Each structure stands twice: as C-alpha cells, then as structure tokens.
Amino acid sequence: MDYVSPFDERTREPRRLAPRTADLRGRRVALLDISKARGAEFLDEIERLLRERGAATSRHAKPTFSRPAPPELVDELVRDVELVVEGLAD
Amino acid sequence: MTLLFAHADCPTSVLALRRLGAARADGAALVCVAQETPEAAARLARRTGVAFTVLAEDSPYPVSRAHGVDAVPTAVVLERGEEIERVVGWDAAAYERLLGVQLPGEPRSKPGCGARWMYDYGARGGLDELEDMFERGWSDGLPVIPPTRERVEAMLGGRDRTDSLGFIPPGHGEATLERVAACAVLAGCKPAYFPLVVAAVEAALDPAFNAHGIAVTTQPAGPIVIVNGPARERVGLNSGMGVLGPGARANMTLGRALRLVLTLTGGALPGALDRSTLGNPAKLGLCLAENEEASPWEPLHVERGFAPDASTVTVFAADAPLSVSDHRSLTADELAYVLATAAGATWSPFWWPMDYQSLFVVCPEHAALFRAAGWRKARLREAIFEHAVRPARELNRGETTPYVKAADPEDRVHKWTDADRILIVVAGGEAGRFSAVFGPCGGMGETAITKEVRWTT
C-alpha cells in the first residue's frame, strides 16, 4: 500500500555515540550548567575530579533549563572545547 | 447448484459450515466459495469438517461481487446459471429444504457478517492494515486510520502539500502540510477539521509556547486545544455534556491529530524523547469547544483580542483536569473560594506562588450562579486569585519555593504570581455542578497561544 508517512525520515537516523576518551590529560572539557537548582554544586565536584585527571575545564550555563541552549552558546562550545559535561537534570 | 459464500472471520459462516459438514451435505449440490487465500480456505475446510468442495477467492473477490454478495454466509441457488433463490445468514430450515438434509442443533437462525470485501480496503485480511500501522510505529497505542495517498489528498483539500509550518521540536521533523494531513488521517479526522489542525500546529510552533520544553519534560502535561467561534458548529465540536471526555469525533480526533504531529513528526514519543514520568490521559489528545452560548462572559478568543465571529484555536499546556464538585455554594464568593481552594493543590501543593497558567473550565450551572450575582469574568479571576492565599508557614514543607522559605512565616502567599495567570472558559452540560481546573506545565516559560483558523473553502 502506498502510504504517506507522518515522519520526516531525515530526523529518524539514529546518531551513534562518539568513542569514549581514554585519557583526559590536556583535554578541554566544558561543564555546562542547565540552571536547575544547585546543579552548580554537582558540577563543582565533577570539575574537581576532572582536574585531578589533568583536564582543562571551563564553566558555562544555559539561561534556562526549559529551552534548548542558545545558538551562540552552542557555537562557543563547538569552537572552544572538545568534551562537554551537561547537568544537572532530574 | 448452490454457491455458499463464506469467510473465516465470520462466526456465522463457521457455524453454517460446521453444521453442513456434520450433516454430510452433498458436495454435488453445494460448493463453498470462501473469501480467503487458498491456504486460509483450506484451513477453514479442515476446521469445519466439510466434505463438499471449498473454493478460494482472494481479493478483489470478483465472483462474490458479481453475485452481489455483501454479507456472509450467503447461499446463492443457481438453476441453469440463473439465480432462483438466496439465503442470507444462517437459516437451518432453508438449508434443510434446499439440500434435503437434517440440521439439528441450536441456533436455528443467526444473522451473518459483512463480506470480506466490504471492509478490507483492497488488502487481504481486513485488520492487516491496522496491524501494519502498529508495527510501523505510526500509532499512539490505539488503532489509527492508514494514511493512503487518497485519504491524505482528501484531507489536504487542494492545499499545497509541500507548504511547511516549520520544524517540530524536539526531533525537528518538518511539518509539511502533507505530514500534518497524514497525522490528521491517522487520528481519524474528517477533511473539514483540517483547518483547525493546521491552526493548532501553528499555535504549538509559536516559540512562546515552548513546544520543546513541554515535549521532553518529566512533567505530566501535554498540549490541549480550545476552540472558539463558528468553527465549533461548522465541524460539529462538542462544548456541552461530557466535553472533556470521549464521545464526539471532532473533539477526540482534533486533539489526537495535534498530538500525533508532535509525537510522530516531532519525535516526542513517550519513553523516547518524551520523558514524562506518568504522562496523563489527556495526552492521547484533548480538544474542547467553549460553550459560548451558556457563558455570561466574553469568550476566551474575544478576551484575547479576536473578533467574536472569528474561529480560533488556543493551544495550552496542561496536566489532567481536577474535577471540582460544588453543589452547595449559594454565593458567587463562596463558589470562587471553592474553586480557588481546589486549584491550590494542582501541580505541587506547596510550590506557591507559581508563575504558570491555570485553566478553569466553569460548568454552565456554576456560570449561572456568577451571572445571577452580576460577576464579570475579571471579578471571578480576582476572587480566585485572592482566595488562593495561605501563610508561608503552612507552605514551608516538601517542594516549596525559595520565596516561601525566605518569607516571614505569617506572610500571605498567593497560589499564583499574578491574577493574569488564570484562564477561564465555560463548557459542559446544563445539569451538574462540576467545574474543573487543569494543572499547569511548570517552569517552561510558556503561555497559551491563540491562532485564527484559515478556511480555504
């Protein structure tokens, strides 16, 4: 039967995970706070652990958790860092 | 010669064949034409134990159609190629007379079923197409109408199918009119409903609605649809008895069509990108028409700046409705207090004040009480706002706001940050004093969005 699909097939392709990083020494890691309450405290601890492992960290924040990150923030991350830790959600 | 038309999904056909099989009816005089594939016809013959010939006739069932058989079992008695008699359904006495056999047992007669070709859309097996929709993942859990090209063209009603309404978050599938029409067909909409579906999608895509946040949240809320103006009557929407529940095709399928656009085209499938912990029943789809005729006030769309004779669709993110019974309040103020108290518990009982919108659906009997008291809508809104107030000390537990935690224990805290967070419509049946308040979708910075319906014909 010839059906009209409700799906946009361009968006259905599953994305593959990037390979895990074996060595954090010297890697540029962004910590992205999504601005839920006390998320920063959790990221503080993550940052400490990453620095112990030799990563170079930077801190960033979304204006609100309820909307996608602003394009300028995404561009900045793409340009300046190699890895991103995003948190903290429910 | 008697041709006995039957198919395996008709219990009466199976009954007839079993009885005839048990009676060893003479195969010289009787041939069964099964509206089945050869394999299925063979299974039917084995199952019913018939000794006479069973022929298989698959789609498009030319012999059945040629004999005008639209029900099974039907026995067509032929003499020299001409029909002299027909027996529709199971009729033991008629078969005994025709075949000269005894057919004991009950029932002696029973109505039949539709012939295979009455409802199989040209494909084999009747329900195969509907199962196919489930297997493809084109469903919300209930059966959907397969979106054939013909049905989608009829739904589009001459519109350009490549026109785009935008990209639907969170998956960013593009909402071409063709895809929106496919979802409307899936939902069971009539083409007459399509302009409202389009308007609802446009409203949901307004950035101020924040469809993205609402789609992926762990909260239970989902978009609901409120219709105002002449569209209600034009498409047959229910604004009266049972308005928040099932029963009216326009209401059920319109609400469902918007949800299918968001979940299928937009990718917000529960358990995938839709992370709602519990969901809520209204996420199947909810569309209500305001009962403007029973309302003492200006309708929602007029309040929001549209002409009374404009047809509009308002999309609002809401949790399931909380029913508020009040058959005892005698004054407007008392009733407002009851509505306010009920609303106080919605979304999170102590998260006061909340900067989220609440929708009240006031039933006609309650609206009549406000009318008799001479209360305008603004007065009711203010009264609800003022009555939903508590000292901070009562709110300082569990999930509460930084505002409450920082407040003096005796500070009076309102449920909402502002009275303008309160939306009010009138809907429901004429008898019964049950209003409702919808829980909000919190923290999304969203607002209800109203769009005018554009008719092309």
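Residues numbered from 1 in each chain as written. Chains lettered and ligands numbered in written order. Predicted model: local features only at pLDDT ≥ 70, side-chain atom pairs only at ≥ 80, totals over all residues. Heavy atoms only, no water.

Turning next to the interface of chain B and chain A. Tallying the contact residues gives 33 residues for chain B and 16 residues for chain A. Summed over both partners, the interface of chain B with chain A buries about 1,900 Å², with 54% contributed by carbon and sulfur atoms. The largest share of the area that chain B buries against chain A comes from Trp138, Arg149 and Arg179 of chain B, three residues that together contribute 25% of it. Across the chain B-chain A interface, the total number found is three salt bridges. The partner of Arg10 of chain A in a salt bridge is Glu174 of chain B, with the nearest N and O atoms 3.0 Å apart. At the junction of chain B with chain A, the criterion picks out 10 residue pairs in polar contact (both at pLDDT 80 or more). Each residue belonging to the side of chain B that touches chain A can be placed in one class, and the counts come to 14 nonpolar, 12 polar and seven charged. (Contact = heavy atoms within 4.5 Å. Buried area = accessible area lost by both parts, 1.4 Å probe. Salt bridge = Lys/Arg side-chain N within 4 Å of Asp/Glu carboxyl O. Polar contact = N/O pair within 3.5 Å; in protein donor to acceptor, adjacent residues only side chain to side chain. Nonpolar A, V, L, I, M, F, W, Y, C, P; charged D, E, K, R; others polar.)

Residues and elements named next belong to chain B. Here His7 shows up in the loop between β1 (2-6) and α1 (11-22). Of the polar contacts made by the side chain of His7, one reaches the backbone nitrogen of Asp9; its length is 3.2 Å. A distance of 3.0 Å separates a polar side-chain atom of His7 from the backbone oxygen of Gly114. (Helix = DSSP H or I, 4+ residues; strand = E, 2+ residues; numbered from the N terminus.)

Right, let's talk about the sheet that holds strand β6 (residues 82-88) of chain B for a bit. Residues and elements named next belong to chain B. Here five strands make up an open sheet; going across it, the order is β3-β2-β1-β5-β6 and the pairing mixed. With one partner strand each, in any of the chains shown, β3 (53-56) and β6 form the two edges of the open sheet. The sheet shows a mean angle of 25° between the axes of neighbouring strands, taken without regard to direction. Taken together, the six bridges between strand β5 (residues 74-79) and β6 define a ladder with antiparallel strand orientation. From the neighbouring strand, Ala75 faces β6, where its bridge partner is Val87. Its contacts with the sheet put α1 on β1 and β2 (30-34), and the angle it makes with β1 is roughly 135°. Packed on one face of the sheet, helix α4 (residues 92-99) meets β1, β2, β5 and β6 and runs near 145° to β6. (Pairing = 2+ DSSP bridges. Axes fitted to C-alpha atoms, helices over the stretch in contact; angles between N-to-C directions.)

All names here are of chain B. One way to put it is that helix α13 (residues 332-344) packs onto helix α14 (residues 364-372) with a least axis distance of 9 Å and a crossing angle of 135°. Looking at the two axes, α13 sits oblique to α14. Where α13 abuts α14, its residues Ala332, Leu335, Ala336 and Leu339 lie against His366, Leu369 and Phe370. The residue makeup of the contact of α13 with α14, split by class, is six nonpolar, one polar and no charged. (Parallel < 35°, antiparallel > 145°, perpendicular 65-115°, else oblique.)

We now examine the domain arrangement of chain B. Assigned domains within chain B: domain 1 (2-118) and domain 2 (129-452). Taken over C-alpha atoms, the centre of domain 1 of chain B sits 53 Å from the centre of domain 2 of chain B. (Domains from an automatic or database assignment.)

Residues and elements named next belong to chain A. Reading across the sheet, the three strands line up as β2-β1-β3 and stay open at both edges, with parallel pairing between neighbours. Sheet topology places β2 (56-61) and β3 (83-87) at the edges, where each strand pairs with a single neighbour. Put simply, the sheet's adjacent strands are angled 20° from each other on average, direction ignored. Pairing analysis gives five bridges linking strand β1 (residues 28-33) to β3, with the strands arranged parallel. Looking at the pairing, Ala30 lines up with Val84 of β3.

What follows is about the pattern of salt bridges. All names here are of chain A. Following the criterion strictly, the structure yields 36 salt bridges over all chains and no others. As a salt-bridge pair, Arg38 and Glu41 come within 2.9 Å of each other at their nearest N and O atoms. Arg38 sits in the exposed class, given a relative accessible area of 63%. Notably, a salt bridge pairs Arg48 with Glu52, separated by 2.7 Å at the nearest N-O pair. Of this pair, Arg48 and Glu52 both sit in helix α1 (residues 39-52), four residues apart, roughly one helical turn. For Glu52, a relative accessible area of 54% gives the class exposed. (Buried < 20%, exposed > 50% of the residue type's maximum accessible area, 1.4 Å probe, protein only.)

Position of Asn251 of chain B relative to the elements: it lies in helix α11 (residues 249-265). Discounting residues that sit within four places of it in the chain, Asn251 of chain B has contacts with Gly236, Leu237, Asn238, Val243, Cys287, Leu288 and Ala289 of chain B.

When you line up the elements, Ala372 of chain B lands in helix α14. Here the alpha-carbon distance between Ala372 of chain B and Ala340 of chain B, two residues 32 residues apart in the chain, equals 20 Å.

Let us now look at unusual backbone geometry. Generally, phi is negative for residues other than glycine and the peptide bonds are trans, each holding for most cases. Residue and element names in this part refer to chain B. Here the amide bond leading from Val72 into Pro73 is cis, since omega sits at -5°, within 30 degrees of zero. With respect to the helices and strands, the residue Pro73 is situated in the loop between β4 (71-72) and β5. Note that the residue after Pro169, namely Pro170, is joined by a cis bond; omega there is 0°. Topologically, Pro170 is positioned in the loop between β10 (164-168) and β11 (173-176). Of note, the phi angle at Arg80 is positive, near 50°, even though the residue is not glycine. Positionally, Arg80 belongs in the loop between β5 and β6.

All chains considered together, the criterion is met by seven aromatic pairs over all chains. Linked through ring pairs, Trp297, Phe370 and Trp375 of chain B together constitute an aromatic cluster. The ring of Phe65 of chain A is capped by Lys36 of chain A, whose NZ or CZ atom sits 4.7 Å from the centre of that ring. The ring of Trp138 of chain B is capped by Arg136 of chain B, whose NZ or CZ atom sits 4.9 Å from the centre of that ring. (Phe/Tyr/Trp six-rings, centres within 6.5 Å; stacked < 30°, edge-to-face > 60°. Lys NZ or Arg CZ within 6 Å of the ring centre and 35° of its normal.)

So, about empty space enclosed by the protein. Residues and elements named next belong to chain B. One pass over the full model with this rule turns up one cavity of 30 Å³ or more. Space inside the largest cavity adds up to approximately 100 Å³. Looking at the largest cavity, it is lined by 13 residues, and the ones nearest its centre are Ile214, Ala215, Pro223, Arg259 and Leu262. Looking at the lining of the largest cavity, the elements with two or more residues in it are α9 (211-216), β12 (222-228) and α11. (1 Å grid on protein atoms, 1.4 Å probe; cavity = no way out; pocket = protein on both sides within 12 Å on 5 of 7 lines; lining within 4 Å. Points joined across faces, edges and corners; volume = space filled by probe spheres on them.)

Okay, the packing of helix α6 (residues 149-156) of chain B against helix α7 (residues 177-187) of chain B next. All names here are of chain B. Between α6 and α7, the shortest axis-to-axis distance is 9 Å and the interhelical angle comes to 110°. Viewed along their axes, α6 and α7 adopt a mutual orientation that is roughly perpendicular. In this structure, α6 contributes Arg149, Arg151, Val152, Met155 and Leu156 to the contact, and α7 contributes Leu177, Glu178, Ala181, Ala182, Ala184 and Val185. Taken together, the residues of the contact of α6 with α7 sort by class into eight nonpolar, no polar and three charged.

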